[in-house]
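Each chain is listed here by its residues.
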Amino acid sequence: MAFQSKKLINDPNDVVTEFIEGLIETYPGLQYLDGFPEVKVVLRADVSGAKYDKVAVISGGGSGHEPAHAGFVGEGMLTAAICGNVFTSPNVDSILAGIRAVTGPMGCLLIVKNYTGDRLNFGLSAEQAKSEGYKVEMVIVGDDCALPPPRGIAGRRGLAGTILVHKVAGAAAACGLPLADVAAEAKRASEMVGTMGVALSVCTLPGQVTSDRLGPGKMELGLGIHGEPGAAVADLQPVDVVVSHVLKEILSPETNYVPITRGSRVVLLINGLGATPLMELMIIAGKAVPGLQLEHGLAVDRVYTGSFMTSLDMAGFSISVMKADQAILDRLDAPTKAPNWPVGAEGNRPPAKIPVPLPPSHSIQSDKTLSRPEKLSPQGHMLEAAIEAAATEIVNLRDNLNEWDSKVGDGDCGSTMFRGAVAIVEDMKKYYPLNDPAETVNEIGSSIRRVMGGTSGILYSIFCKAAYAKLKADAESVVTALRWADALEAAIAAVSKYGGASAGYRTLLDALIPASSALKERLNAGDDPVDAFIISAEAASNGAESTKHMQAQAGRSTYVPGNVLASVPDPGAMAAAAWYRAAALAAKEKYSTA
């Protein structure tokens, strides 16, 4: 039975910012950028970007994995950590703020765990930073060994082995190596490590109920770090048996995920997932070392045991095995002041926070440009009604989306979409130039980018930016139905290009692609535009429902077994169909009363 979990928190929406405040009070060598709630960046107190004469090493991702990533900021390891909301990729503005705050002439290396939202957000940030004159390289870590290839476009997940990559890269940067060499060492380290996790319980997101997915006496094998289902559920076994199984999966010659063979030297990392006592972790370490030595013929040169990359309050552990040579061991042994590596922090206490840096050429639109017209045109009234209806539908659908997502993802699709919908409604009242459809679409994208985060946030930002560019290409003030259809088509093409998904991948595109096709078909056939809009909305709904019968090939659902996917439709597709249909109905009602 699901039940409300007990948490020592205040507002669930404030857990990340309050965590950062406590972290800074605890470790005087750290600071944070004063940009809450949108910008949540922890950085070294002794680094100023403009003057820093070494490569900055930056990582980050969704929160809930503490001490990763902020606990590994310090001399000899990370220069900054970008913190997203719980299990949600940080937004582009946060990542750019971190890059600008710590990157000097030597440039910066972004170390990114292989999740779609992280890849997209860090990737867009890297391109923006390059356009501002920064030197930027990115290394993606996918050390998951639990699932056999292929994994669609998603690839292997980034897990606790990423921490070892942080240490290697940080030590290389501390030696003053150029960016290309630091990136090469990090990439090599990422190719040497494999990880697999085991869970005894399901984690609980702040403010939500605990799932009853995993019953008594069961354990989950091959899970990720966001609460998503594992590769398999099995009866709980003695730790000797579990550890032996995990090591065989990591070192499997069939998958050949890590280049480790008998006689290799290795490093072992035993990682608690958040609610596993140190006693149990030490027991696991005590079984893993002889297992590697006796069963697999490996020389274990280093063992690190503790909680490095958790999943909130999940009971369980992961094991990472990295092939080691003297060069890697030297990097792992190099001194660091990162508080959770573990070493003691020392030094004087600097100011707790510093301002968010602005881009080199920071331009802000005037209040006159960003204002609601005093009088709306007929097109403005219809656009307002459609936007409000679409946002209201998403607000009302939040709990259903979260419920669906809890079965096939990390359970926050509804909450993420809800944040975007609320921001759109609030911003529309003050800022949206509703008589200008192109600029209104652009402002919707800005609202989404500011508050949503995660994969949904960046994909919808790309969606709006592409639609805006298409609408803006025509100087005519009145946007015809066919121009709206062209903009929708362009937006879908951009999301497919940058996200990698297409029809049949079990994503929001499975709702929007049928809608776009139906809309174009009916308009070209001469149908009334509003009627065509309604028909295309039905196509979107049918497309979303059809995702029940699809095997996911993008996002976190890629890792979920097919029998679980078949029980619910894709939450992202259902959300897209819902707002699209609500907008169509609102347009029809406005049109009929005009």
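Cut-offs and rules
Residues numbered from 1 in each chain as written. Predicted model: local features only at pLDDT ≥ 70, side-chain atom pairs only at ≥ 80, totals over all residues. Heavy atoms only, no water. UniProt positions renumbered as here; feature names shortened; annotations may be inferred. Core = buried A, V, L, I, M, F, W, Y, C linked by side-chain atoms within 4.5 Å. Buried < 20%, exposed > 50% of the residue type's maximum accessible area, 1.4 Å probe, protein only. Contact = heavy atoms within 4.5 Å. Pairing = 2+ DSSP bridges. Helix = DSSP H or I, 4+ residues; strand = E, 2+ residues; numbered from the N terminus. Axes fitted to C-alpha atoms, helices over the stretch in contact; angles between N-to-C directions. Patch = residues over 30% accessible without salt bridge, like charges linked within 9 Å, V, L, I, M, F, W, Y side chains within 5 Å. Areas by Shrake-Rupley, 256 points an atom, 1.4 Å probe, with all protein chains shown as cover. Salt bridge = Lys/Arg side-chain N within 4 Å of Asp/Glu carboxyl O. Lys, Arg positive; Asp, Glu negative; His and termini not counted. Charge placed at Lys NZ, Arg CZ, Asp CG, Glu CD. Disulfide = S-S within 2.5 Å.

The chain goes by 3,4-dihydroxy-2-butanone kinase in an unreviewed UniProt entry, where it is assigned to Anisodus tanguticus. Annotation of the chain in UniProt includes, under Sequence similarities (unreviewed entry), the sentence "Belongs to the dihydroxyacetone kinase (DAK) family."

Draft legend 1. Here's a closer look at the nonpolar core. Of all hydrophobic cores here, the largest spans 96 residues; its most connected members are Leu 110, Phe 463, Trp 579 and Tyr 580. With residues near it in sequence (within four places) discarded, Tyr 580 still touches Leu 488, Leu 512, Ala 515, Leu 519, Phe 533, Ser 536, Ala 537 and Ala 540. Listed in part, the 61 residues of the second largest apolar core include Ile 20, Leu 269, Met 309 and Ala 338.

Draft legend 2. View of the sheet that holds strand β2 (residues 30-33). A sheet is described by the order of its strands in space; here 7 strands give the open sequence β7-β6-β4-β5-β3-β2-β15, paired in mixed fashion. Since the sheet does not close on itself, it has two edges, and those belong to β7 (136-141) and β15 (353-354), each with one partner. In this sheet, strand β5 (residues 80-86) lies alongside strand β4 (residues 56-63) in parallel orientation, the contact comprising 5 bridges. The residue of β5 that forms the bridge with Gly 60 is Ile 82. Where helix α3 (residues 116-131) meets the sheet, it contacts β4, β5, β6 (108-113) and β7, and its direction lies at approximately 170° from that of β7.

Draft legend 3. Local environment of a negative patch on the surface. Together, Asp 11, Asp 14, Glu 18, Glu 21 and Glu 25 make up a region of like negative charge exposed at the surface. Among the secondary structure elements, Glu 25 is positioned in helix α1 (residues 15-26).

Draft legend 4. Local environment of the state of the cysteines. Counted under the stated rule, the structure contains 0 disulfides. Summary of cysteine pairing: Cys 203 is not part of a disulfide, and the nearest cysteine sulfur, belonging to Cys 413, is at 16 Å. Accessibility expressed as a relative area gives 6% for Cys 203, which makes it buried.

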